[in-house]
Amino acid sequence: MPSSPWDRQDFAFSAAWLPCTWTPNSVEETDGPEFRRQVPVWKTPRMVDDADWVLITHAHMDHCDVKTLVPLSCASCQCHFMGPQDVGDVLAAQGIETTRFVRAEHGWFSLGNDLRVHPLPAAHPEIEVDPQGSSRYVGYLIEYRGKRIYHSGDTSLNTSVIEAVSAFKPIDVAILPVNECNYYREARGIIGNMSVREAFQFAENIQVATLVPMHWDMFVPNSVYREEIETYFRLAQPPFRMLLNPTQI
């Protein structure tokens, strides 16, 4: 399958720019104007000066944007990063200390103050492991005082993903992609994820109380109509509530 500039395994980013400069348009600068972001940036990374942890699902450019992460690491100089080892390699290449990186291993990891995280495998489009046997694509189950939020990262569905997440049901909030895989996206090198219908069925399988669809509104070539999501929710009448673009959960 051809790979797009934000889904490829090419980590040869330039370090020539100043370490704390920032642009919100990394994908557009790489792929052209049709990939202008459709969602405004609500806060610049240099404004985030109180982060303790940054959880990164995989090393693809739209999820591991060094032009965002490096200035954020400067503003929140106390923060640590978690992700697959590919992510750690990207960060290290940009001068972020390796002591600030924690590899996303399966199992609970305490983030302090009653907060813990459990990385889970993701299939993008298949489950892959690195030479150390760790997942190259992950989602995160975040637990705080008995409440569980699952952010799947980029993932399609397969038996391994479903079984891994089902072990922790019920889930209070699930944040799932709905930008389906299809022939035309794959022909352009875009790796899609689960469809709207798959995301809804998956949410029902893992006994989700609240579903937050994601990965549907950022870039036009990789988008889903809001009306499609809302119409399916209305017709299917699933046993959970849905929030689109929530400001709080």
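For the structure given in this document, a descriptive report is provided here.

Cut-offs and rules
- Residues numbered from 1 in each chain as written.
- Predicted model: local features only at pLDDT ≥ 70, side-chain atom pairs only at ≥ 80, totals over all residues.
- Heavy atoms only, no water.
- Helix = DSSP H or I, 4+ residues; strand = E, 2+ residues; numbered from the N terminus.
- Pairing = 2+ DSSP bridges.
- Contact = heavy atoms within 4.5 Å.
- Axes fitted to C-alpha atoms, helices over the stretch in contact; angles between N-to-C directions.
- Salt bridge = Lys/Arg side-chain N within 4 Å of Asp/Glu carboxyl O.
- Buried < 20%, exposed > 50% of the residue type's maximum accessible area, 1.4 Å probe, protein only.
- Polar contact = N/O pair within 3.5 Å; in protein donor to acceptor, adjacent residues only side chain to side chain.

### Concerning unusual backbone geometry
Part 1 of the reasoning: Following histidine 124, the chain continues to proline 125 via a peptide bond in cis, the omega torsion being 0°.
Part 2 of the reasoning: Tracing the chain through its elements places proline 125 in the loop between strand 5 (115–121) and strand 6 (138–144).
Part 3 of the reasoning: Cis geometry marks the peptide bond from lysine 169 to proline 170; its omega dihedral reads 0°.
Part 4 of the reasoning: With respect to the element layout, proline 170 can be found in the loop between helix 4 (159–166) and strand 8 (171–177).
Part 5 of the reasoning: One non-glycine residue with positive phi stands out, namely glutamine 237, at about 50°.
Part 6 of the reasoning: Relative to the elements of secondary structure, glutamine 237 occurs in the loop between helix 7 (226–236) and strand 10 (241–242).

### Things to note about the sheet that holds strand 9 (residues 208–214)
Part 1 of the reasoning: Strands sit in the order 4-5-6-7-8-9-10 across an open sheet of seven strands; the sheet is mixed. With partners counted over all chains shown, the strands left at the sheet margins are strand 4 (109–112) and strand 10, one partner each.
Part 2 of the reasoning: One ladder, built from three bridges, connects strand 4 with strand 5; its direction is antiparallel. Within strand 5, the position partnered with serine 110 by the bridge is arginine 116.
Part 3 of the reasoning: This element, helix 4, spans strand 5 and strand 7 (147–151) of the sheet and lies at about 160° to strand 5.

### Points about the pattern of salt bridges
Part 1 of the reasoning: Scanning the entire structure with this criterion turns up twelve salt bridges.
Part 2 of the reasoning: Here lysine 67 and glutamate 29 are joined by a salt bridge, their closest N and O atoms 3.5 Å apart. Pair noted here: lysine 67 is in helix 2 (residues 66–75) and glutamate 29 is in helix 1 (residues 26–31), with a separation of 38 residues, a long-range link.
Part 3 of the reasoning: A relative accessible area of 27% places lysine 67 in the partly exposed class.
Part 4 of the reasoning: The closest approach of N and O atoms between arginine 148 and glutamate 143, which form a salt bridge, is 2.6 Å. With respect to class, arginine 148 is no different from glutamate 143; both count as buried.
Part 5 of the reasoning: Look at the salt bridges and you will find they share partners, linking Asp86, Glu128 and Arg136 into a network.

### Some details on the sheet that holds strand 2 (residues 80–83)
Part 1 of the reasoning: Pairing within the open sheet is parallel, and its three strands lie in the order 1-2-3. Every other strand in the sheet has two partners, leaving strand 1 (53–55) and strand 3 (101–103) as the edge strands with one partner each. On average, each strand axis in the sheet is tilted by 20° relative to the strand beside it, whichever way the strands run.
Part 2 of the reasoning: Sheet analysis places strand 1 next to strand 2, joined by three bridges and oriented parallel.

### Section: helix 2
Part 1 of the reasoning: What helix 2 keeps buried is the set Val66, Leu69, Val70, Pro71, Leu72 and Ser73.
Part 2 of the reasoning: Its side-chain oxygen at 3.0 Å from the backbone nitrogen of lysine 67, aspartate 65 defines the N-terminal cap of helix 2.

### Brief notes about the environment of proline 119
Part 1 of the reasoning: Examined against the element boundaries, proline 119 turns out to sit in strand 5.
Part 2 of the reasoning: Take proline 119: its relative accessible area is 1%, and that puts it in the buried class.
Part 3 of the reasoning: In this structure, the C-alpha to C-alpha distance between proline 119 and proline 221, residues 102 residues apart in sequence, is 29 Å.
Part 4 of the reasoning: Filtering out sequence-adjacent residues up to four positions away, proline 119 remains in contact with Met82, Ala104, Glu105, His106, Gly107, Gly139 and Tyr140.

Just geometry here; none of it tells us what the structure is for.
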